[in-house]
Amino acid sequence: MWFDPKCPWAWNTSRWLLEVERVRDVEVRFHVMSLWLLNDGREVDDWYRNWLADTLGPVRVAIAAEQKYGPSVLRDLYDALGNRIHHDKTPIGRDLYVSALTELGLDPGLADAADSPEHDEALRASHHAGLDPVGEDLGTPSIHVPGPDGKVNAFFGPVVTPVPRGEDAGRLWDGVLLVTAAPGFYELKRGRTESPRVN
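Residues numbered from 1 in each chain as written. Predicted model: local features only at pLDDT ≥ 70, side-chain atom pairs only at ≥ 80, totals over all residues. Heavy atoms only, no water.

Considerations on a nonpolar patch on the surface
On the surface, Leu138, Phe156 and Val159 cluster together into a nonpolar patch covering about 200 Å² of accessible area. Mapped onto the elements, Leu138 comes out in the loop between helix H7 (120–131) and strand E3 (142–146). A relative accessible area of 33% places Leu138 in the partly exposed class. (Patch = residues over 30% accessible without salt bridge, like charges linked within 9 Å, V, L, I, M, F, W, Y side chains within 5 Å. Areas by Shrake-Rupley, 256 points an atom, 1.4 Å probe, with all protein chains shown as cover. Salt bridge = Lys/Arg side-chain N within 4 Å of Asp/Glu carboxyl O. Helix = DSSP H or I, 4+ residues; strand = E, 2+ residues; numbered from the N terminus. Buried < 20%, exposed > 50% of the residue type's maximum accessible area, 1.4 Å probe, protein only.)

See the structure below:
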């Protein structure tokens, strides 16, 4: 799964995938994408531009940690960042990064990456690896699974609230795999009637 730490919809999808791991033979690996990068240079509503303003720092910190410690660090770092952002409502900034990194025993100096372009090439590579196969300028959550023919089956979503738990999570996974594996299947969507309930 490709995530931006600030996106509440991606957070819910990630929590669903962790539930899926408990009830299906699935191993979730996390990767970084950037909503800031996705929307750079685009015409977006003012409220969304304001919302995007602090999204670059967290993804830079996540990529810097991945560069130093390897991709497996992203699961726990995403948890640490996401819990602070979505549950504790901690303002995004240096204190949040240092707190999350310290909790995991990671170098707190990686918080400096938030204000540096040093890892932006790696960020762009991760971003494009996740989103290019999905296409149509879609964002997060983006998921890749092996398709029935062995090729990558990449898709956006699901966008879900509240987070399905237990066997409900497993059934949703089964359905997502079924529809996304169908040749020529592109879209299934309905209007959102509520904001994400993170849990």
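Read on, since the account is not over.
Looking at helix H5 (residues 73–87)
Across its 15 residues, H5 extends 21 Å between first and last C-alpha, which sits within 8% of the 21 Å expected from 1.5 Å per residue. With eleven of 15 residues buried, H5 lies mostly within the body of the structure. Every buried residue of H5 is accounted for by Val73, Leu74, Leu77, Tyr78, Asp79, Ala80, Leu81, Gly82, Arg84, Ile85 and His86. The inward-facing, buried residues of H5 contact strand E1 (2–3), helix H1 (8–23), strand E2 (31–32), helix H4 (56–69) and helix H6 (94–103). Taken from the residues just after H5, Lys89 is the one with a positive phi, measuring 60°. (Expected span 1.5 Å × (residues − 1). Contact = heavy atoms within 4.5 Å.)

Notes on the packing of aromatic side chains
Applying the stated criterion across every chain yields a total of seven aromatic pairs. With a centroid separation of 5.3 Å and an interplanar angle of 85°, the aromatic rings of Trp11 and Tyr78 are classed as edge-to-face. Here Tyr78 lies in helix H5 and Trp11 lies in helix H1, a separation of 67 residues in the sequence. Overall, the relative accessible area of 0% leaves Trp11 in the buried class. Stacked on the ring of Tyr78, the Lys or Arg Arg15 has its end atom at 5.7 Å from the ring centre. (Phe/Tyr/Trp six-rings, centres within 6.5 Å; stacked < 30°, edge-to-face > 60°. Lys NZ or Arg CZ within 6 Å of the ring centre and 35° of its normal.)

Brief notes about the environment of Leu172
The topology assignment puts Leu172 in helix H8 (residues 166–180). When its relative accessible area of 27% is taken as the criterion, Leu172 is described as partly exposed. Here the alpha-carbon distance between Leu172 and Leu101, two residues 71 residues apart in the chain, equals 33 Å. Setting aside chain neighbours within four positions, we find Leu172 in contact with Trp16, Pro158, Val160 and Pro164.

Notes on the side chain of Thr55
Positionally, Thr55 belongs in the loop between helix H3 (46–52) and H4. For Thr55, a relative accessible area of 0% translates into the label buried. One polar contact links the side chain of Thr55 to the main-chain carbonyl oxygen of Leu52, over a distance of 2.7 Å. With near-sequence residues (within four places) excluded, Thr55 lies in contact with Asp4, Lys6 and Trp36. (Polar contact = N/O pair within 3.5 Å; in protein donor to acceptor, adjacent residues only side chain to side chain.)

Some words on the nonpolar core
Core analysis: the biggest nonpolar cluster contains 54 residues, and Met1, Trp16, Phe30, Val32 and Tyr97 have the highest contact counts within it. Discounting residues that sit within four places of it in the chain, Val32 has contacts with Trp2, Phe3, Val59, Ala62, Ile63, Leu74, Leu123, Ser126 and His127. (Core = buried A, V, L, I, M, F, W, Y, C linked by side-chain atoms within 4.5 Å.)

What to know about the packing of H4 against H7
It is the contact of H4 with H7, at a shortest axis distance of 9 Å, that shows an interaxial angle of 95°. The orientation of H4 relative to H7 falls into the category roughly perpendicular. Touching Leu56, Val59, Arg60, Ile63 and Gln67 of H4 are Asp120, Ala122, Leu123 and Ser126, all from H7. Each residue belonging to the contact of H4 with H7 can be placed in one class, and the counts come to five nonpolar, two polar and two charged. (Axes fitted to C-alpha atoms, helices over the stretch in contact; angles between N-to-C directions. Parallel < 35°, antiparallel > 145°, perpendicular 65-115°, else oblique. Nonpolar A, V, L, I, M, F, W, Y, C, P; charged D, E, K, R; others polar.)

Comments concerning the pattern of salt bridges
With the rule as written, the count across this model stands at 14 salt bridges. The salt bridge involving Asp174 is made with Arg24; its shortest N-O contact spans 2.8 Å. Of this pair, Asp174 sits in helix H8 while Arg24 sits in the loop between H1 and E2; the two residues are 150 residues apart in sequence, bridging distant segments of the chain. Arg24 gets classed as partly exposed once you look at its relative accessible area, which sits at 22%. Arg60 is paired through a salt bridge with Asp120; the nearest N and O atoms lie 2.8 Å apart. Pair noted here: Arg60 is in helix H4 and Asp120 is in helix H7, with a separation of 60 residues, a long-range link. A relative accessible area of 12% means that Arg60 is categorised as buried.

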